[in-house]
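A structural walkthrough
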Protein chains: 2
Amino acid sequence: MAKKILSNQPPKGTNDWLPEEFKLRQYIFNTWRQVCIRYGYREYLTPLVELADLYKAKSGEDVGGQELVTFYDFSKRELCIRPEMTPSVTRMVSKMYAASPKPLKLFSIANFMRNERPQRGRNREFWQLNCDVFGSSSEVADLEILQLSLDIMNEFKAPKNSFTLRINNRRLLEEMLPFFGIEDKNNQELFRILDKYNKLSKDEFYSRLKTLNVKADKLKDIEALMSNDKKVIEDLISSSKKLKEAKDEVDFVIKSLKDLGYSQEIVFDPSLVRGFDYYDGLIFEVFDNNPKNMRAMFGGGRYNGLAQIFGATSFPAVGFAPGDETTKLFLESWNLIPNNLYENNFIYFPLLDSASLLESQKLAASLRRDGNNVYFSLEPQKLKKALDLANKQKYNKIIIFGDKEKAKNVYRLKDMKSGEEKEFILK
Amino acid sequence: MAKKILSNQPPKGTNDWLPEEFKLRQYIFNTWRQVCIRYGYREYLTPLVELADLYKAKSGEDVGGQELVTFYDFSKRELCIRPEMTPSVTRMVSKMYAASPKPLKLFSIANFMRNERPQRGRNREFWQLNCDVFGSSSEVADLEILQLSLDIMNEFKAPKNSFTLRINNRRLLEEMLPFFGIEDKNNQELFRILDKYNKLSKDEFYSRLKTLNVKADKLKDIEALMSNDKKVIEDLISSSKKLKEAKDEVDFVIKSLKDLGYSQEIVFDPSLVRGFDYYDGLIFEVFDNNPKNMRAMFGGGRYNGLAQIFGATSFPAVGFAPGDETTKLFLESWNLIPNNLYENNFIYFPLLDSASLLESQKLAASLRRDGNNVYFSLEPQKLKKALDLANKQKYNKIIIFGDKEKAKNVYRLKDMKSGEEKEFILK
């Protein structure tokens, strides 16, 4: 066996969650879970790996392409670690859709992997909530998904101006294609280019648009759309019935959210595209306004056509997916991590007298049966050292059970904050 | 884009957890978590992937060999999906060990992958609790790990004779090597062969032993050990001080568990080996006695030497790892799944009157604020259909808020089991 020394660091783009870090992630996950359950959504989980084709089909050139982590199984099938949940859950739902009462409201909290360049807010391994409604094409389903997104932000106690909810409709973008002189078959490619508007230089942006045969005089219209030029956009929308219909869907959800009392910044953003190929209706993102972040925390949208890749009758679907890293950065930069999150609510039980091992363990077991969480020291310890340690480790309480207590058939429980001690008779 | 139809089945050896299945897994996970927290263990998580060398070093010829799911990252490092937790958590602890108060008591609940032949109780993707103590070489740490194992079984309400706790000591096996005429350098290989005693034919077993130069007359001693021949084993142990010391450790934990009131079948089993190369002290397994299963549900042991692969000063460690599949089979075959697990505790809220969408949603929001979990139908529904659906879906309660109720400024809450209805004034 090789005797080489191995690194004790996690692979690039991944993290160890030591217990304190775990508590923060768990707080995020539990908050997500709580809001979903409040709306009657049921939790599910899909496998860690899927056939690679599942994501190559519709996840786009990055997530479904160069970032996919692939390998082969014994039967030479190309598998991959899931890079997102939408195709996976659509696959799962396509098995159960016909036999299920509609709409199906589902959520999951799972880990994913993308082989991308790690950066602030983006890790190779990351966790997401995925929350979706299947089987309702109603605008009310869109609305509920937006309510859930806002309720999650409220549950995290997000200050009023800490984020902006931006809403658009992929059908608005699609209906604009003829105005830009772009053929229907190029719509996915156009969306991919538009989605990178902020990442590409103006030259790169124009040169990628030119591959779609966009005429020079149309480039400035696309530029006006992406820079959110209200005049140009309103003129364009009012010139077409289909554009107006798509815009009406956006207006409905924005008005309804306001009627329901959501007072956050909620805006129509015609330049919003989102990166996945499968979106085909409402799309939205929650944008973190903190100057340290200034990025989409998460987003979602409608993907009514995705189920067709399984040969299933298409079924309507809408959902969203917040991630753990962007949520963590949001909570940190807006100072929203609860004060009591890292409190140690265990009782510390030092073994003060080796000869009382059995009695000490019986007492610990009885305290546990009474609903207490008891950390037993295992190794013998002097009382002074035990008190020091309980203090440093911020234990709320300590059990004192030395030879004196044993002789009196009692134990003492000391509150580490108040210093108060109570004596109890051994059962 | 290819228009080929994709399968909607999960890859071989993996499962979709639909909401009912998810509830069962969650019950298993929550039970594990609850027992660990009761003992003052803190939860952590490591990455989904690690450098492949981490498992090749000490996870044995199967888990660390042919079953490892590997791939390469951008920098041509060979990574793999974690096939088990022990090397990962040892890596993590080796970063924090020096600065942490000892003993460190940690647990995690995570998913793993092994490219093995799927069979009853074994999936390619599976979940495990991993529960470990770092920094105590005391027998009391061994004892606590066994207590935790038994408390988990008790928490699942395992009947008294449903399982057997089998205990051995790797040092007993090691100290036997000279008696079998096997060189020290071959101990790992011997353990690998012994661990497969029940899987290999007698001929295969003997022929693998012969590769270690075991003489013919020693084969029957090894056979006696593996078939648990008490006379031969007792004679062997009583002939060596080191063997007696190793046996004393086993006797200590068995006696202590009985003194603490554990009344289950707890036995010394000298033929127990366990599959991982890193074990070097106490080893144990919980064996499912159900005729449908008859297999180890889970096991664990001491691995004091493992940290050395990181060049760290070695630190003592002991732990165990139950899996989700074997636990599920145990619960099913002993009929231990709680009756109320699949109860639907959501309130069903049908939209009875499209014109009351806003008022209905406001009412749903107010019910949610009061701590109720409310599933809103999204699509309009007639009362009769709504009641039918609530009945079929086993909702406990339904909200009735049609045009009549709206006119009276009330809503009604109906208990689906008792049929009882209560009327409330709208806030």
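A brief report on the enclosed structure follows. Model, not experiment: these values are computed from the prediction.

Our next topic: the packing of aromatic side chains. Following the criterion strictly, the structure yields 44 aromatic pairs over all chains and no others. Seen in terms of ring centroids, Phe29 of chain B and Trp127 of chain B are 5.3 Å apart; in terms of plane orientation they differ by 35°. Their pairing is tilted. Of this pair, Phe29 of chain B sits in helix 1 (residues 19-38) while Trp127 of chain B is found in strand 6 (residues 125-134), placing the two residues 98 residues apart along the sequence. Taken as a pair, Phe29 of chain B and Trp127 of chain B share a single burial class, namely buried. Put simply, the rings of Tyr97, Phe134, Tyr278, Tyr279, Tyr303 and Phe315 of chain A pair up and form one aromatic cluster. Positioned over the ring face of Tyr39 of chain B is Arg368 of chain A, at 3.7 Å from the centre of the ring.

Next up on the list: empty space enclosed by the protein. With the rule as written, the count across this model stands at four cavities of 30 Å³ or more. As for the largest cavity, its lining consists of 15 residues, and the residues nearest its centre are Tyr375, Gln393 and Tyr395 of chain A together with Arg42 and Pro103 of chain B. Contributions of two or more residues to the lining of the largest cavity are made by strand 12 (344-351) of chain A together with strand 5 (104-113) of chain B. Looking at the lining of the largest cavity element by element, the count peaks at three residues for strand 12 of chain A. Its residues placed into classes, the lining of the largest cavity shows eight nonpolar, four polar and three charged. Listed by contribution, the elements that provide at least two residues to the lining of the second largest cavity are strand 6 (125-134) and helix 12 (324-333) of chain A. For the lining of the second largest cavity, the leading source of residues is strand 6 of chain A, giving three residues. For the lining of the second largest cavity, the per-class residue count stands at four nonpolar, four polar and four charged.

Quick look at the sheet that holds strand 2 (residues 49-51) of chain B now. Residues and elements named next belong to chain B. Across the sheet, three strands lie side by side as 2-4-3; this open sheet has antiparallel pairing. In this open sheet, the two strands that pair with only one neighbour each are strand 2 and strand 3 (70-72). For this sheet, the mean inter-axis angle between neighbouring strands, taken without regard to orientation, is 40°. In the sheet, strand 3 pairs with strand 4 (residues 78-81) via three bridges, with the strands oriented antiparallel. Following the sheet pairing, Phe71 is matched in strand 4 by Leu79.

The rules behind each value
- Residue positions are given per chain, counted from 1 along the sequence in the order it is written.
- Whichever chain is written first becomes A and whichever ligand is written first becomes 1, with later ones labelled in order.
- Thresholds applied to this predicted model are a pLDDT of at least 70 for local features of residues and 80 or more for the giving and counting of side-chain atom pairs; totals over whole chains, interfaces and linings are not thresholded and use all residues.
- Excluding hydrogens and water, the side-chain figures rest on all heavy atoms present in the structure.
- Only Phe, Tyr and Trp rings are paired, with Trp represented by its six-membered ring, and only when their centres lie within 6.5 Å; those with planes under 30 degrees apart are stacked, over 60 edge-to-face, the remainder tilted.
- Helix and strand assignments follow DSSP, with helices taken as H or I runs no shorter than four residues and strands as E runs no shorter than two, numbered in order from the N terminus.
- For every residue, the accessible area obtained with a 1.4 Å probe (protein chains only) is divided by the maximum for its type, and the residue is called buried under 20%, exposed over 50%, and partly exposed between those limits.
- Remark: a charge is flagged as sitting over a ring if the NZ atom of Lys or the CZ atom of Arg is within 6 Å of the ring centre and within 35 degrees of the ring normal.
- The method works on a 1 Å grid over the protein atoms by themselves. A cavity is a set of points holding a 1.4 Å probe that cannot get out, a pocket is an open set with protein on both sides within 12 Å along at least five of seven lines, and residues with an atom within 4 Å of a point line them.
- Grid points are joined across faces, edges and corners, and a volume is the space filled by probe spheres set on the points.
- Residues are sorted three ways: Asp, Glu, Lys and Arg are charged, Ala, Val, Leu, Ile, Met, Phe, Trp, Tyr, Cys and Pro are nonpolar, and all the rest, Gly among them, are polar.
- Two strands pair if DSSP finds at least two bridges between them.
- Here an axis means a line fitted to C-alpha atoms, over the contact stretch when the element is a helix, while the angle between two N-to-C directions is reported on a 0 to 180 degree scale.

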